[in-house]
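Residue-level structure breakdown
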Amino acid sequence: MALTRISRRHSPLPVLVTAAVVAAVALLPLGFVVWATISTGWVEAEKLIFRPRTGELLWNTSRLTAGAVTLCAVIGTATAWLVERSALPGRRLWHVLLAAPLAVPAFVNSYAWVSIIPSATGYGGALLVVTLSYFPFVHLPVSAALRGLDPALEETAHALGLARRRTFGRVVLPQLRPALLGGALLVALHLLAEFGALQMLRFPTFTTAIYDQYQSTYNGPAANMLAVVLVLCCLLLLTGELRGRGRARLSRLGTGVARPATRVRLGGATAPILLGLGSLVALAVAVPVGSLVFWLVTGSSAEFDAGQLATTTVTSLTLGALGAVCTVVLAMPVAWLAVRHRGWLSTMLERSTYFGNALPGIVVALALVTIGIRVVPDLYQTTVLLVVAYAILFLPRAVVNVRSALAQAPPVLDDVAHSLGTSRPETFRRVVLPLIAPGLGAGAALVFIAVVTELTATLLLAPIGTTTLATQFWSNSDSAAYGAAAPYATLMVLLSAPATYLLTREARRGTAA
Amino acid sequence: MTSLMIRGVTKSFGATEVLGGVDLHVPAERLTAVLGPSGCGKTTLLRLIAGFDDPDGGSIAFGDEIVFGAGRSVPPQRRRVGYVPQEGALFPHLTVSDNITFGLPKRARRDRHRVPELLELVGLDVRVVDRYPHQLSGGQQQRVALARALAPEPSVVLLDEPFSSLDAGLREATGRAVASALRATSATAVLVTHDQAEALSLADQVAVMRAGRLVQLAAPATIYGSPLDAGVARFVGDAVLLPGEVRAGRAHCALGTFEVRTSEFDGPADVLIRPEQIHLHHNGSGVAARVDEVSFYGHDASVRLVLLPDGPQVTARITGESTLPEPGARVGLVVSGDALAYPA
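In this report, we go over the structure that sits alongside the text. Once a new chain begins, its residue numbering starts again from 1 and follows that chain's sequence as written. Note on labels: chains are lettered from A, ligands numbered from 1, in written order. Only residues with pLDDT of at least 70 are given local features in this predicted model, and only at 80 or more are side-chain atom pairs given and counted; all residues enter the totals for whole chains, interfaces and linings. To get the side-chain values, all heavy atoms of the structure are used, and hydrogens and water are removed first.

As a further point, take the overall build of chain B. Scanning chain B from terminus to terminus reveals nine helices and 21 strands. Principal axes of the C-alpha set define a box for chain B whose edges measure 75 × 50 × 35 Å. Accessible area is worked out with a 1.4 Å probe on protein chains only. A residue is then buried under 20% of its type maximum, exposed over 50%, and partly exposed in between. Taking all 344 residues of chain B together, the buried fraction comes to 51%. Between two residues, a contact is recorded if the distance between any of their heavy atoms is within 4.5 Å. Considering only contacts in chain B between residues 6 or more positions apart, those separated by 24 or more positions represent 64%. As used throughout, the charge tally considers Lys and Arg to be positive and Asp and Glu to be negative, leaving His and the chain termini uncounted. Working definition for charges: the position is that of NZ of Lys, CZ of Arg, CG of Asp or CD of Glu. One way to put it: in chain B the 33 positive side-chain charges average out to a point 7 Å from where the 38 negative ones average out. In DSSP terms, a helix is any run of H or I states spanning at least four residues, a strand is any run of E spanning at least two, and both are numbered starting from the N terminus.

Written as structure tokens, this is what we have:
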């Protein structure tokens, strides 16, 4: 009881104010969308929204989302079950290999395909590339859920006379629903936000259309209205997922550690399944890696500029570090309130920061461009505004990590430290900080990787003359200089790889507790 | 060390009154147990003494120094209390020795010279100094937590259900070690617990709390032998309560007539007898009863009986060596000693 009790002394007004400011910043893009709608006026908005072009984009966006989400859900659930519940040989290796596509940004993956097979464009190509890039978003949470699932449930179902197949349908699948829905939502939101990959595969969706519109007419109402529709799609997905998840209590009842499940022997199916997994990994990992190697070897001699590579690398690393530190620092007050001072206000502030997850980078960038031009011209085209964009986009990752880190430092430790005579700041330094440091580090690493591979917002907001690995890669591959683009892509993949490996470990640990 | 004086302390969380005016004097260099069921406000009282929360009213003084009251509230870091929470709450990132020296000034932290002495005091081997909390057993963690609380030589030591997470065997040994360490340092200590055996066996005085109020404050033997009311009597031990009547200092009930120990009144009463006072006879003497159920615990056994012809039900405790009666058997009940009686 004492472990969960929250001290009511000293209502943390400064923390509250800081957290409120952070939440307000996170909500800026939504505010921009509302403002854009109102200022455009209904008549004009109606004219801009209800036209054949919007319908075409809506159709493209929804058929790609529906197709990719379905494929990712099926593939991700199947691979998760194979890794967690079957007697598949080499499961650990497969688990890492099946998460590996996350280390290759989707726009690098599409470059890898299109540079080798130029015809891999349109709906078919887009569906193939995004599915291969995003199915780990389902594989990781579903395998974590399977690992946490008490096998006693399945055994009870067998004892009640259900065959294995029916048990999966009636007992296991309903338990996996939150993980599956969460993964599917992640895939869908990433698809709505995806710009680079789809632009390269010449498959127009809202995001690419907004970008093109922005390039041609700059900050016009046409782009803004498309952004409004895109945000509505995102909010629709969010509420859909919330409803689908329902209120059922799906966690394990009772205490104690679940026994590891008895694994299903695959028997004669082992060989074909191994072949299938092998092909999946070949398509999702070997093709992009192979393509990169090919272009590195054949293309670099003539077009390679080592000096430029070094400059952009330094810029990317600096921006990544800056973004990571700022985002984690901003996440601190929000997470602190959520963990230490639970209540409707702290919940609301925390939820506000999660919108970044659902908002496409293009909308955040558009919002900040508009605000930069109209409200704070001094900040427009500066690194500050770019870092703010990163913070809005990646706050959710930081908040989640800082939150779980803070949970490692229960308030009773503060009480003990105070009773031993240490002041508040001293307690923070000697007790809280050492305990949360690993979590802060993990959060910062994730944000760092996300910033280094961020393309859309960087394209719109980077100060003139600032090129990052992602934007330089983009301008090279855009002009079909595939060989010149390869070193930049390779560096991004190499930087992302450790964080991806961390994710597979994270999922393992998350359910062990 | 100093005494502790609590006067008229009240505390509410929202609309719920948790403490409704508590007065408690904890004499210096004595171990006082605050005993009560969960939710009675005892942990809240402890947190108010430590300064983690402020009372709504009343005052708290350590010796002559008022730490709360008259518009003054000394923050916890300046109250010099030693606090031992549930499950120890050792700092997980620090070794045993760094945990113990946490509250000492910087120079003393580096010297570590008090560590062996404190470890010995709580009955731990010196070899554990460089271990981390997760490498210790639950009982060892609690001992380190006490050593950490004692290191800065606090004026009062507060223990919040420190043994409740330990399993039965460890609980007793750890409790004894902690109590003897507290006595050896002449500490003024408050132990909050819901376990009556723990309170009675370890403390010099026991304060029984119920629904946010202090009901009785006395030595353990007095609490058990002369509980203030039937509720306290039942809380500090098993009890058989029978309807009856008191006339001229003698209680009359279904089990017979007994001297009344404390109460001085006449009229209808609840007569209280401890199960260990009831003896089973198989030779026809005593009040006739039928055996209903027997629970055998090894060292003793408790026998539930129905007084013939039709109740009430009573429980007797008999030693493990005596022959256990079969359910359904008829026996005679004889009560030894005197009884307690409360006006009905």
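Anyway, onward from the coordinates.
The next subject is the sheet that holds strand β20 (residues 330–335) of chain B. Backbone-to-backbone hydrogen bonds pair the strands of a sheet. The strands run either parallel or antiparallel. Residue and element names in this part refer to chain B. In spatial order, the strands read β16-β20-β17-β18-β19; together these five strands make up an open sheet with antiparallel pairing. For this open sheet the edge positions go to β16 (278–281) and β19 (313–319), each flanked by a neighbour on one side alone. Adjacent strand axes in the sheet meet at a mean angle of 45° when their direction is disregarded. Strand pairing is assigned whenever DSSP identifies at least 2 bridges connecting the two strands. Note on geometry: axes are lines fitted to C-alpha atoms, helical ones only across the stretch in contact, with angles between N-to-C directions running from 0 to 180 degrees.

For the rest of this paragraph, the subject is empty space enclosed by the protein. All names here are of chain A. Cavity means a closed set of points on a 1 Å grid over the protein atoms alone, one where a 1.4 Å probe fits but cannot get out, pocket means an open set with protein on both sides within 12 Å along at least 5 of 7 lines, and lining means a residue has an atom within 4 Å of a point. Grid points are joined across faces, edges and corners, and a volume is the space filled by probe spheres set on the points. Applying the stated rule across the entire model yields two cavities of 30 Å³ or more. One number sums up the size of the largest cavity: a volume of about 40 Å³. Breaking the lining of the largest cavity down by element, the ones donating at least two residues are α14 (306–340) and α20 (424–452). Counting residues per element, the lining of the largest cavity draws most heavily on α14, which supplies three residues.

Before going further, it helps to examine the sheet that holds strand β4 (residues 57–62) of chain B. Residue and element names in this part refer to chain B. Ordered in space as β2-β1-β4-β5-β6, the five strands form an open sheet in which the pairing is antiparallel. Of all strands in the sheet, those bounded by a partner on one side alone are β2 (16–26) and β6 (72–73). Pairing of strand β5 (residues 65–69) with β6, which is carried by two bridges, proceeds in the antiparallel orientation. Opposite Gly69, over in β6, you have Arg72 as the bridge partner. Helix α1 (residues 42–50) rests against β1 (4–13), β2 and β4 of the sheet, and its axis sits at about 115° to β1.

Core analysis: the biggest nonpolar cluster contains 185 residues, and Val108, Tyr111 and Phe473 of chain A together with Leu4, Ile60, Phe91 and Leu158 of chain B have the highest contact counts within it. Contact partners of Tyr111 of chain A, with chain neighbours within four places excluded, come to Met200, Leu292, Trp295, Phe473, Ser477, Tyr482, Ala485 and Ala486 of chain A. Throughout this description, the term nonpolar core refers to a set of buried Ala, Val, Leu, Ile, Met, Phe, Trp, Tyr and Cys residues connected via side-chain atoms within 4.5 Å.

Residue and element names in this part refer to chain A. Taken together, the side chains of Val375, Val376, Leu379 and Val384 present a nonpolar region at the surface, about 300 Å² in accessible area. For Val376, the location among the structural elements is in the loop between α17 (361–374) and α18 (383–406). In this structure Val376 comes out as partly exposed when scored by relative accessible area, which is 30%. What goes into a patch is any residue over 30% in relative accessible area without a salt bridge, connected to like charges within 9 Å or, for nonpolar side chains (Val, Leu, Ile, Met, Phe, Trp, Tyr), within 5 Å. Here, Shrake-Rupley sampling with a 1.4 Å probe gives the accessible areas, and only protein chains in the shown set may cover a residue. Salt bridges are counted wherever a side-chain nitrogen of Lys or Arg sits within 4 Å of a carboxyl oxygen of Asp or Glu.

Before going further, it helps to spend a moment on the packing of helix α5 (residues 106–116) of chain A against helix α6 (residues 122–134) of chain A. Residue and element names in this part refer to chain A. Contact pair α5 / α6: the axes reach a minimum separation of 10 Å and the direction vectors enclose 135°. Looking at the two axes, α5 sits oblique to α6. When you trace α5 past α6, the crossing you get is right-handed. Residues Ala106, Asn109, Ser110 and Trp113 of α5 form the contact with α6, whose own contacting residues are Leu128, Val129, Leu132, Ser133 and Tyr134. Classification convention: Asp, Glu, Lys, Arg as charged; Ala, Val, Leu, Ile, Met, Phe, Trp, Tyr, Cys, Pro as nonpolar; all other residues, Gly among them, as polar. Per-class residue counts for the contact of α5 with α6 are six nonpolar, three polar and no charged. Note on angle classes: values under 35 degrees are labelled roughly parallel, values over 145 roughly antiparallel, values of 65 to 115 roughly perpendicular, and the remainder oblique. By the definition used in this description, the sense in which the near helix is turned from the far one sets the handedness, with an anticlockwise turn below a right angle giving left-handed and a clockwise turn giving right-handed.

Turning our eyes to something else, we now look at the pattern of salt bridges. Residues and elements named next belong to chain B. Using the criterion set out here, one finds 27 salt bridges over all chains in the structure. The shortest N-O distance in the salt bridge between Arg171 and Asp195 comes to 3.6 Å. Of this pair, Arg171 sits in helix α6 (residues 168–184) while Asp195 sits in the loop between β9 (189–193) and α7 (196–202); the two residues are 24 residues apart in sequence, bridging distant segments of the chain. Among the ionic pairs, Asp300 bridges to Arg317, the shortest N-O distance being 3.7 Å. Taken together, the positions of Asp300 in strand β18 (residues 300–307) and Arg317 in strand β19 put the pair 17 residues apart, joining distant regions of the chain. Classification of Asp300 as buried rests on a relative accessible area of 14%. Counted as one network, the salt bridges with shared partners bring together Asp238, Glu276, Asp300 and Arg317.

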